[in-house]
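The chain contents come next:
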Amino acid sequence: MNELENKILEELSSSPKEYLENCLNNYSDYLKVAQKLFKESYIKMQLFDSEGDPWLRFNSKAEEFRKINDLNKEIELLELAIKKGIYTPYTYERLAIIYSKNKELQKAYRVCKNWFDSPFWMIPNMASTSLKLFERMKKLESKINVA
């Protein structure tokens with residue numbers, strides 16, 4: 001294992017926020033290592049894609065419900081996407097925002113936690129939204145006193 005691989009593994013275990021920031025600041029280097037370290041995650045993404053573009057299958061449809069103010073259908077579709085293992089961080093971010101606005105902080109926290117329980121948050125392409133979700137999760141933790 002090379003030096004950057006070791007650094008990344010250390011960041012993942014001790015400072016996810018630092019890892020995500022480094023993904024943004026050193027994108028190409030982190031991407032090369034991530035493709036090696038998280039090969040299974042990339043395979044899972046390809047398998048998910050084999051059933052059709054996840055954006056078209058879930059996120060754009062959810063946005064249509066958002067535009068017509070059908071919040072229940074939007075939530076239902078986003079929850080289904082997460083249950084099926086979608087890897088797009090937008091899905092998690094949007095659902096966490098909805099739950100937060102509805103004062104359903106436990107549900108918002110659960111959505112954020114689900115993202116970080118998935119292997120996809122470690123993919124450098126996801127770093128920007130993962131950082132937003134990380135910050136949201138930390139704020140929610142302080143509001144709901146998660147141990």
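A brief structural summary. Keep in mind that this is a model prediction, so the values were computed, not measured.

**Quick notes on the packing of aromatic side chains**
Turning to step 1, where the next piece is worked out: Within this structure, the stated rule accounts for nine aromatic pairs.
Turning to step 2, where the next piece is worked out: For the pair Tyr19 and Trp121, a centre-to-centre distance of 6.0 Å together with 85° between the ring planes defines the contact as edge-to-face. Linking Tyr19 in helix H2 (residues 16–25) with Trp121 in the loop between helix H8 (105–117) and helix H9 (127–144), this pair joins segments that are 102 residues apart in sequence. For the pair Tyr19 and Trp121, a shared accessibility class is recorded, and that class is buried.
Turning to step 3, where the next piece is worked out: When the centroid spacing of 5.3 Å and the interplanar angle of 55° are considered together, the rings of Phe116 and Trp121 count as tilted. No difference in accessibility class separates Phe116 from Trp121, as the two residues are buried.
Turning to step 4, where the next piece is worked out: An aromatic cluster of three or more residues is present, and its members are Tyr19, Tyr30, Phe116, Trp121 and Phe134.
Turning to step 5, where the next piece is worked out: Residue placement shows Arg57 over the ring face of Phe48; its charged tip is 4.8 Å from the ring centre.

**Some words on the packing of helix H5 (residues 54–67) against helix H6 (residues 71–83)**
Turning to step 1, where the next piece is worked out: Taken N-terminus to C-terminus, the directions of H5 and H6 make an angle of 165°; their axes are 8 Å apart at the nearest point. In terms of orientation, H5 lies roughly antiparallel with respect to H6. For the pair H5 and H6, the crossing hand works out as left-handed. Across from Phe58, Asn59, Lys61, Ala62, Phe65 and Arg66 in H5, the residues of H6 making contact are Lys73, Glu74, Leu77, Leu78, Leu80 and Ala81.
Turning to step 2, where the next piece is worked out: Across the contact of H5 with H6, the residue classes break down as seven nonpolar, one polar and four charged.

**Observations regarding the pattern of salt bridges**
Turning to step 1, where the next piece is worked out: This structure, assessed with the given rule, holds nine salt bridges.
Turning to step 2, where the next piece is worked out: Measuring nitrogen to oxygen at the nearest pair gives 3.1 Å for the salt bridge that ties Glu104 to Lys107.
Turning to step 3, where the next piece is worked out: Residue classification places Lys107 among the partly exposed positions, given a relative accessible area of 37%.

**A closer look at H2**
Turning to step 1, where the next piece is worked out: When we look at burial in H2, the residues that qualify are Tyr19, Leu20, Asn22 and Cys23. Within H2, the buried residues cover an arc of 160° as seen down the axis, which keeps them to one side.
Turning to step 2, where the next piece is worked out: Residues of H2 that are buried sit in contact with helix H1 (3–14), helix H3 (27–37), H8 and H9.

**Details of the nonpolar core**
Turning to step 1, where the next piece is worked out: Counting residues in each nonpolar core, the largest one holds 45 residues, and the members touching the most others are Tyr19, Phe38, Trp115, Phe116 and Trp121.
Turning to step 2, where the next piece is worked out: Element by element, the count of residues in this core is highest for H9, at seven residues.
Turning to step 3, where the next piece is worked out: Setting aside chain neighbours within four positions, we find Trp121 in contact with Leu12, Pro16, Tyr19, Leu20, Trp115, Phe116 and Ser130.

**Observations regarding unusual backbone geometry**
Turning to step 1, where the next piece is worked out: The phi angle at Asn69 is positive, at roughly 60°, despite the residue not being glycine.
Turning to step 2, where the next piece is worked out: Phi at Lys103 is positive, roughly 65°, even though this residue is not glycine.
Turning to step 3, where the next piece is worked out: On the basis of relative accessibility, which here comes to 70%, the residue Lys103 falls in the exposed class.

**Side note on the packing of H1 against H2**
Turning to step 1, where the next piece is worked out: One can describe the packing of H1 onto H2 by two numbers: an axis separation of 6 Å at closest approach and a directional angle of 135°. With respect to H2, the element H1 is oriented oblique. Packed against H1, whose contacting residues are Lys7, Ile8, Glu11, Leu12 and Ser14, the element H2 presents Pro16, Glu18, Tyr19 and Asn22 at the interface.
Turning to step 2, where the next piece is worked out: Taken together, the residues of the contact of H1 with H2 break down into four nonpolar, two polar and three charged.

Parameters and conventions
Residues numbered from 1 in each chain as written. Predicted model: local features only at pLDDT ≥ 70, side-chain atom pairs only at ≥ 80, totals over all residues. Heavy atoms only, no water. Phe/Tyr/Trp six-rings, centres within 6.5 Å; stacked < 30°, edge-to-face > 60°. Helix = DSSP H or I, 4+ residues; strand = E, 2+ residues; numbered from the N terminus. Buried < 20%, exposed > 50% of the residue type's maximum accessible area, 1.4 Å probe, protein only. Lys NZ or Arg CZ within 6 Å of the ring centre and 35° of its normal. Axes fitted to C-alpha atoms, helices over the stretch in contact; angles between N-to-C directions. Parallel < 35°, antiparallel > 145°, perpendicular 65-115°, else oblique. Left-handed = near helix turned anticlockwise from the far one by under 90°. Contact = heavy atoms within 4.5 Å. Nonpolar A, V, L, I, M, F, W, Y, C, P; charged D, E, K, R; others polar. Salt bridge = Lys/Arg side-chain N within 4 Å of Asp/Glu carboxyl O. Arc of directions from axis to C-beta. Core = buried A, V, L, I, M, F, W, Y, C linked by side-chain atoms within 4.5 Å.

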